[in-house]
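In case you want the letters, here they are:
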Protein chains: 2
Amino acid sequence: MQEHKYVTYGNTCSCGCDASETSRQITGCRFSISEMSDDYISLILGAISKVDTSKVWSKTDKISTVYRGKQNHVEDAVKACFINAYNENVHATMECTFSKGCPGDVESDSFLAEDDVLMNEPKIKDKHFPVVSKISLYPLGVSDYMTHIATIVNHAIDLGIYSGSTHYCTMLECDVQDLFSYINYVNDYCGKNIKHYVFEVTLSVNSPTK
Amino acid sequence: MQEHKYVTYGNTCSCGCDASETSRQITGCRFSISEMSDDYISLILGAISKVDTSKVWSKTDKISTVYRGKQNHVEDAVKACFINAYNENVHATMECTFSKGCPGDVESDSFLAEDDVLMNEPKIKDKHFPVVSKISLYPLGVSDYMTHIATIVNHAIDLGIYSGSTHYCTMLECDVQDLFSYINYVNDYCGKNIKHYVFEVTLSVNSPTK
């Protein structure tokens, strides 16, 4: 009979927590860019290669790219990649999974000992274009998760970027700069209030659907 | 001062649950197809239009399409859409969010009173092509969520479709038929064992990255 090597998660502590304090400080974002164009290879690889990733750990696989490190540098690199990928004649999307605090996380594959000087922001802070996005927050391991979700959705309403609630997600419509400011707010809020969370954001530009 | 209309979720019961028994039976899937081709509009809309959606509730918005109804019919429609979207010369991805049991869910926007005869399966059951995918399961509101995640990942290992664990997701590589059989297993498992879950699956075909 064949023997399989199985995974085990969160089984070293009765509370389900086996992540170290250091690994709990790592923010990560896994994302996939899609360019609806015959030139998708050069558009996607061009966008990724132009990002200054010197302050994040980065890896691109068959289906996505992941950045890991301090929250501000991860957000800076993701924002740069999305803005680099923008072409006014091409419909493009980016699916992002931000996460922090996974009990199965490890200390490796990350740079945390960095200062707070953002590497990409000076080059991208004046770029503006409209983005349609859908967001979903998943606070894990807590019973009051719907309250956290309502908090971040209501903040989007306060900011005037909320365009509606629908099944399984919330829709936002705003300028790219405002969207990444909001993503920063959500990661700040979750980092302070939720031990382990996943924040899914799908961004879309130049969709032919009005 | 401007007055905003805020959202409230799960606040009619101290346990965070205000969904009715009927709404708890609704499985939903929100998905977005991306075709890396200048012909993306006809490829995407062609795929969606060919699906027999007579046994699910369906709505397409600016960024995604959602199907809601009985689990088997939702899975049948999503599988048909993905297989319809396949073109051997085009790199394409589909981001899917399966979910069931959200406390904020409503009974509307769904058809549940249907038999179990699948509308699309006879036309797609003999289609075969390789798919690379990443999956993430989010059981909400429970402290033992990592155990559920390990269970479904270990089942993928048993099936021989597991290709590795990486940050924030698990990778699978297999034939399209085996992948949708596995998605059916996960939705079955979660429906029986988890009150509210979200199962994220991103599928990729014909990627130039080997």
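All of these numbers come straight from a predicted model, not from anything done at the bench. Residue indices follow the written sequence of each chain, beginning from 1 at its first position. Chain A is the first chain written and ligand 1 is the first ligand written, with later ones labelled in order. Only residues with pLDDT of at least 70 get local features here, since the model is predicted, and only at 80 or more are side-chain atom pairs given and counted; chain-wide, interface and lining totals rely on the full set of residues. Excluding hydrogens and water, the side-chain values take into account all heavy atoms of the structure.

Section: unusual backbone geometry
Part 1 of the argument: One non-glycine residue, tyrosine 168 of chain A, adopts positive backbone phi at about 75°.
Part 2 of the argument: Residue classification places tyrosine 168 of chain A among the buried residues on the basis of a relative accessible area of 16%. Buried residues are those whose accessible area, probed at 1.4 Å on protein chains only, stays under 20% of the maximum for their type, while exposed residues exceed 50% and partly exposed ones sit between those limits.

Side note on the relation of the copies chain A and chain B
Part 1 of the argument: For the least-squares superposition of copies, only C-alpha atoms count, and only for residues with pLDDT at least 70 in both. Its rotation angle being 180°, the transformation that places chain A on chain B also includes 0.0 Å of axial translation and leaves an RMSD of 0.0 Å. Such a turn and shift between the copies fits a two-fold axis.
Part 2 of the argument: Note on contacts: a residue pair is in contact if any heavy atoms of the two residues lie within 4.5 Å. Taken together, the interface assignments show that 100% of the residues at the interface of chain A recur at the interface of chain B, consistent with an identical surface on both copies.

Quick look at the pairing of strand E5 (residues 130-139) of chain A
All names here are of chain A.
Part 1 of the argument: A run of DSSP states H or I qualifies as a helix once it reaches four residues; a run of E qualifies as a strand once it reaches two. Both are numbered from the N-terminal end. Burial analysis of E5 places nine of its ten residues in the buried class, the great majority of the element.
Part 2 of the argument: Of the strand pairs in this sheet, E5 and strand E7 (residues 169-175) are connected by six bridges, and their pairing is antiparallel. The partner of lysine 134 across the bridge, within E7, is methionine 171.
Part 3 of the argument: Strands are labelled as partners when DSSP assigns at least two bridges between them. Pairing between E5 and strand E8 (residues 197-205): eight bridges, direction antiparallel. Bridge pairing links lysine 134 to threonine 202 in E8.

Points about the environment of glutamate 35 of chain B
Part 1 of the argument: Structurally, the position occupied by glutamate 35 of chain B is in strand E1 (residues 27-35).
Part 2 of the argument: Sequence-wise, glutamate 35 of chain B and methionine 171 of chain B are 136 residues apart; in three dimensions their C-alpha atoms are separated by 21 Å.
Part 3 of the argument: With near-sequence residues (within four places) excluded, glutamate 35 of chain B lies in contact with Glu35, Met36 and Ser37 of chain A together with Tyr40, Leu43, Ile44, Ala85, Val90, His91 and Ala92 of chain B.

Things to note about empty space enclosed by the protein
Part 1 of the argument: Space inside and on the surface of the protein is sampled on a 1 Å grid over the protein atoms alone, with a cavity defined as a set of points where a 1.4 Å probe fits but cannot get out and a pocket as an open set with protein on both sides within 12 Å along at least 5 of 7 lines; lining residues have an atom within 4 Å of a point. Grid points are joined across faces, edges and corners, and a volume is the space filled by probe spheres set on the points. For the structure shown, the criterion picks out four cavities of 30 Å³ or more.
Part 2 of the argument: Estimated volume of the largest cavity: approximately 70 Å³.
Part 3 of the argument: For the largest cavity, the lining is made up of 13 residues, of which Lys134, Ser136 and Glu200 of chain A together with Thr97 and Glu200 of chain B are closest to its centre.
Part 4 of the argument: Contributing elements (two or more residues each) for the lining of the largest cavity: E5 and E8 of chain A together with strand E4 (92-100) of chain B.
Part 5 of the argument: Ranked by the residues each element gives to the lining of the largest cavity, the list is headed by E5 of chain A, at four residues.
Part 6 of the argument: Among the residues forming the lining of the largest cavity, the class breakdown is five nonpolar, three polar and five charged.
Part 7 of the argument: A volume near 50 Å³ is recorded for the second largest cavity.
Part 8 of the argument: For the second largest cavity, the full set of lining residues is Glu95, Thr97 and Glu200 of chain A together with Lys134, Ile135, Ser136, Cys169, Glu200, Val201 and Thr202 of chain B.
Part 9 of the argument: Elements supplying a minimum of two residues to the lining of the second largest cavity: strand E4 (92-100) of chain A together with strand E5 (130-139) and strand E8 (197-205) of chain B.
Part 10 of the argument: In this classification, Asp, Glu, Lys and Arg are treated as charged, Ala, Val, Leu, Ile, Met, Phe, Trp, Tyr, Cys and Pro as nonpolar, and every other residue, Gly included, as polar. In terms of residue class, the lining of the second largest cavity is made up of three nonpolar, three polar and four charged.

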